[in-house]
Structures are given as structure tokens and as C-alpha cells.
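Chains, contacts and geometry: an overview
Take a look at the letters that make up each chain.
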Amino acid sequence: MKKRKYLFRLIVVVILIMVLPVILFFDMLWKKSFDELEKANEVYYCKVMDSCISFFDELVRSLNMFAATISIDSEERTSVLWDGVGELNEDYLQLYKVATGLAEEYTYSGVSEWGIYFYELDKIIKQRSTMSSIQYIYSMESKFGENEELSQFFSVENYNLGDKLFCTTSDEEAYKGYLLIGICIEIGRNNDKALVFFALSPNDIENSLIIMNEQEMGFYLIDDESERIMLSWGDNTGAYVEHVTSMEDTREVAGRKQKVLYKKDSSFTDFSIAVYISEDAMQRNIVDYAYSMRKLLFLTTVVLLFICMYAIYLAYKPVYKLTSELDYSEE
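Residues numbered from 1 in each chain as written. Predicted model: local features only at pLDDT ≥ 70, side-chain atom pairs only at ≥ 80, totals over all residues. Heavy atoms only, no water.

**Quick notes on the overall build of the chain**
Within the chain, the regular secondary structure consists of 8 helices and 12 strands. Residues counted as buried form 42% of the 331 residues belonging to the chain. Partitioning the contacts of the chain with sequence separation of at least 6, the portion at a separation of at least 24 is 64%. Accessible surface for the chain amounts to roughly 18,800 Å². Of this, 54% is attributable to carbon and sulfur atoms. (Helix = DSSP H or I, 4+ residues; strand = E, 2+ residues; numbered from the N terminus. Buried < 20%, exposed > 50% of the residue type's maximum accessible area, 1.4 Å probe, protein only. Contact = heavy atoms within 4.5 Å. Areas by Shrake-Rupley, 256 points an atom, 1.4 Å probe, with all protein chains shown as cover.)

Encoded structure:
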């Protein structure tokens, strides 16, 4: 039995000098590389959030300026809106001329549609068309379900010159609705109360931001006061909406906490934008791949260790036989 002590000591020395340092080195290298990867991911998603919120703030500012321009121009005698409510009350020909004139004089891209709502008339004038507010609300409800906020959105009780009004056409089960943005202004020589409103769809956002094409990322515009989702876009936003409103911002991936929910507040409105990284996102695939490579590394190390031990045994076997014949004994 003593003759095997040398073989045992030889194996231990080889493991301690060669195998163990290699394992520790690669494990430290893997952890450092993975930490750097996660930091790079967080920086990337933070920049995505910065782009989203900057775009939204700039959009609202642009809509505000557009509405202000219409209000200022309407006070010029040459404006199609100069006569205001007094001439538009029952004159449908004048309504048509105003709608046509708006289409020729003002255009705004980047939104699904826009129009002017006159509170006293209870009518909406859009480019080349006019309709009552009731018809407009009905058309929205027929597509997205009943929504009492639409009536409140067009209510004169919410009117306050210069205010920005927001409303969503989505309900608790439909997260692909429109976001209505309204700017309270005065129209014409009599300063008639009016609301310039814009309908913003998820596609309007996605078409404006190339980064929104990132797969398996859900984006949510959230009202900070009510914590209600006003607009959503991206992949599977309805499926993951509960993660935005109630879940933590981290998820356990391969035994490690990973940040999957990012949020950025607007500096111009009382809204924030959140992005949720789903379980099918590239980030999750990269993490799974990294952990798979780590497991493969340890498995390979174990196999190599057994091969090394067997090689040492084969190399020592002739020496063992020779010492046995010479009746050599170790102290």
C-alpha cells in the first residue's frame, strides 16, 4: 500500500500545480467577461431609453408648436379660421372650405391623423372632412371598445388654454390602442375655444425610431400619476404588460439576477417610458449560451483531469512494477 503513496502524491501535485490554477483562471476570466457583457447590455438599453424619451419629448414639443402656429395664424384676416364659430355653425359649405384650407395650409407627418375640435360647435374639422365629436368617439369605440376617457378628453370642463391633454383608446385588454394628444388653443377673431388633437399609433412610434425594431422588447408609455399604460409598441407588449405594472425589474436567469425592466422619466410631461426585455430576447439567449459554455468548460476540465490521472498511472506503472521486483518500500 505504501508503494502507491508516491503515485497519489504525484497526482495531487499535478492537480494543484497545473489543473486547479487553470480552472480558477478560466472561471475568473469568464466572470469578468460576463460582468462586462452585462454592463454593456445595460448601457445599450439605457441609451435606447434615452432615445425613446427624447423622441417623445420632442414630439410633444413639436405638436405644441404646431397647434400654437394654427392659433396665431387664425387671428389673421386672411386665415380660413378667422371667422371661427360664427361662420361655421350651420354653414356646411364653409366647413368644407375650412377643412380643405387646413389640408392645403397645414400638414403634419408622424401621426395617424390630426384635427381641430370646436367646443361650441361640438364638431371636429379634419383635413378635407368634418364630423361630429360623437361620430368620432363612436368610431374609436367601435374599434377599441368603450372608453369613457374619450368623452372626458373632448369635454370643455378639461379646457384650459395652453394645457396638453392626453387620452388612450386602449382598455385593460387592448394594449395596441392610440394615444390622443390635445393642445388647448383659441381660434379666430373671437378667440373661440378649440382643441387641436393628434392620434398617435404604435406604428407611428416604430416607424420613427429604427431602434424599435429590436426583437422581443416591449415598450410602454406610462402615466406617472395613475401608473396606467397609455401606449405600447414592440413585440408581445400585451403578453408582458403585467411585468411592467407589478413585477420587479430583475429576473433570475441561469441562477443569476438579471435586469430586464428599464424606465426613464420624461422631462417635458408627466409620463415615463419603460422597456421590458422578454425571455425570448437576444440578451437571454446570450446569457444561456454563456452559462452553457461555462458548464462545458467544467465538464471538459473534469474529462481532462481523468485523462491526466490515467496518463500518470500508465507512466508510473513500469516504475511500480520495477520497485515491486526490487522489493523497494517507501518511508
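The structure having been displayed, the exposition proceeds.
**Remarks on the packing of aromatic side chains**
Evaluated as defined, the whole model comprises 15 aromatic pairs. With 5.2 Å between their ring centres and 55° between their planes, Phe66 and Tyr108 make a pair best called tilted. Placement of Phe66 in helix H1 (residues 5-73) and of Tyr108 in the loop between helix H3 (92-105) and strand S1 (113-118) is noted, with a sequence separation of 42 residues between them. Using a relative accessible area of 18% as the deciding quantity, one classes Tyr108 as buried. (Phe/Tyr/Trp six-rings, centres within 6.5 Å; stacked < 30°, edge-to-face > 60°.)

**Focus: the sheet that holds strand S11 (residues 261-265)**
Strand order across the open sheet formed by 4 strands is S8-S7-S12-S11, with antiparallel pairing between neighbours. The sheet is open, and its two edges are formed by strand S8 (228-234) and S11, each paired on a single side. Pairs of neighbouring strands in the sheet enclose a mean axial angle of 20°, with direction left out of account. With 5 bridges connecting them, S11 and strand S12 (residues 271-277) associate as antiparallel partners. Bridge assignment links Leu261 to a residue of S12, and that residue is Tyr276. (Pairing = 2+ DSSP bridges. Axes fitted to C-alpha atoms, helices over the stretch in contact; angles between N-to-C directions.)

**Quick look at the confidence of the model for the chain**
Low-pLDDT stretches of the model should not have their predicted coordinates read in fine detail. Overall, the predicted model of the chain reaches an average pLDDT of 77, with 70% of residues at or above 70. Ranking the elements of the chain by mean pLDDT puts helix H4 (residues 133-144) last, at 62, and strand S5 (residues 179-187) first, at 93. (pLDDT = per-residue confidence, 0-100.)

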